[in-house]
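Listed below, chain by chain, are the residues.
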Amino acid sequence: MVAPEFSRPERIDTIGERARRVTIEATPDERAALAQRFGLAALGALSADFEVRREAAGITATGQVRGAVTQHCVVTGDPVPAVIDEMVALRFVPEDQLGAGEEIEIEGDALDTIGYAGGAIDLGEAAAETLALALDPFPRSPAAAQALRDAGVLSEEEAAEARSPFAALKGLGTVRR
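What counts and what doesn't
- Residues numbered from 1 in each chain as written.
- Predicted model: local features only at pLDDT ≥ 70, side-chain atom pairs only at ≥ 80, totals over all residues.
- Heavy atoms only, no water.
- Patch = residues over 30% accessible without salt bridge, like charges linked within 9 Å, V, L, I, M, F, W, Y side chains within 5 Å.
- Areas by Shrake-Rupley, 256 points an atom, 1.4 Å probe, with all protein chains shown as cover.
- Salt bridge = Lys/Arg side-chain N within 4 Å of Asp/Glu carboxyl O.
- Helix = DSSP H or I, 4+ residues; strand = E, 2+ residues; numbered from the N terminus.
- Pairing = 2+ DSSP bridges.
- Axes fitted to C-alpha atoms, helices over the stretch in contact; angles between N-to-C directions.
- Contact = heavy atoms within 4.5 Å.
- Core = buried A, V, L, I, M, F, W, Y, C linked by side-chain atoms within 4.5 Å.
- Buried < 20%, exposed > 50% of the residue type's maximum accessible area, 1.4 Å probe, protein only.
- Expected span 1.5 Å × (residues − 1).
- Polar contact = N/O pair within 3.5 Å; in protein donor to acceptor, adjacent residues only side chain to side chain.

Some remarks on a nonpolar patch on the surface
Line of reasoning, step 1. Judged by side-chain polarity, Val 74, Val 75 and Phe 138 come together as a nonpolar surface patch covering roughly 280 Å² of accessible area.
Line of reasoning, step 2. Mapping Phe 138 onto the fold places it in the loop between helix H2 (123-134) and helix H3 (144-150).

Side note on the sheet that holds strand E4 (residues 58-72)
Line of reasoning, step 1. Read across the sheet, 5 strands follow the order E2-E3-E4-E5-E6 without closing on themselves; strand pairing throughout is mixed. Two strands in the sheet have a free side with no partner beyond their single neighbour: strand E2 (20-25) and strand E6 (112-116). The average angle at which neighbouring strand axes cross in this sheet is 30°, direction not considered.
Line of reasoning, step 2. Direction of pairing for strand E5 (residues 79-94) relative to E6: parallel, over a ladder of 5 bridges. Bridge pairing in E6 links Phe 92 to Ile 114.
Line of reasoning, step 3. Against the sheet, helix H1 (residues 28-38) contacts E2 and strand E3 (42-55), and its axis sits at roughly 100° relative to E3.

A few points about the nonpolar core
Line of reasoning, step 1. Core analysis: the largest hydrophobic core is formed by 30 residues, its most contacted members being Ile 24, Leu 43, Leu 46, Phe 50, Phe 92, Ile 121 and Leu 123.
Line of reasoning, step 2. For this core, the elements supplying multiple residues, two or more each, are E2, H1, E3, E4, E5 and H2.
Line of reasoning, step 3. Once residues lying within four places of it in the same chain are set aside, the contact partners of Leu 46 are Phe 6, Ile 24, Glu 25, Ala 26, Arg 31, Leu 34, Val 65, Arg 66, Gly 67, Ala 127, Ala 128 and Leu 131.

Thoughts on H2
Line of reasoning, step 1. Compared with the 16 Å implied by 1.5 Å per residue over 12 residues, the 16 Å span of H2 between its first and last C-alpha is a close match.
Line of reasoning, step 2. By the burial criterion, the buried members of H2 are Leu 123, Gly 124, Glu 125, Ala 126, Ala 127, Ala 128, Thr 130 and Leu 131.
Line of reasoning, step 3. Capping the start of H2, Asp 122 holds a side-chain oxygen 3.1 Å from the backbone nitrogen of Gly 124, two or three residues further along.

Regarding the pattern of salt bridges
Line of reasoning, step 1. Following the criterion strictly, the structure yields 8 salt bridges and no others.
Line of reasoning, step 2. The residue Arg 37 makes a salt bridge to Glu 5 at a minimum N-O spacing of 2.6 Å. On the criterion of sequence distance, the pair formed by Arg 37 in helix H1 and Glu 5 in the segment before strand E1 (9-11) is long-range, its members being 32 residues apart.
Line of reasoning, step 3. When its relative accessible area of 35% is taken as the criterion, Arg 37 is described as partly exposed.
Line of reasoning, step 4. Ionic pairing is found between Asp 13 and Arg 11, a salt bridge with its closest N-O pair at 3.0 Å.
Line of reasoning, step 5. Among the residues examined, Asp 13 registers a relative accessible area of 58% and is labelled exposed.
Line of reasoning, step 6. A single network of salt bridges, built from pairs that share partners, joins Arg 21, Asp 49, Arg 66 and Asp 85.

See below:
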């Protein structure tokens, strides 16, 4: 298994029932490697603040993940800067307790569950995955709309209007009496 680009292991035996604050920040080399992994133009910052504690159901980590990213516009390829500021609520459980193939009913307030092996959880990888899930899957630059118009691509509104049963009547003009 390849080690994650941004690994911040937190030993299980150091986590108790009282919440402990853990702050992590990616180095420039780690950010460059994560930018490559996630297909970003750049990752200017990545940090996270967690409160970790041991509970009966596993280790919980709640907090905030923050980042500054630059993605490529899906239309023009232009850089699209964005700020990521995501709340995170995770439960780490030993991998052998993650029921393989079992259907689990998730409640609205349930924590995302992550399996771990060995004597540590990886808060860096958890922060990196949170950042990746928060990215805009279709980033667009301000020039994207014009580039699409120039290419003859209709906007959603124009396409809906063209599909309207009244679209054909629009070109008929006015009726004289």
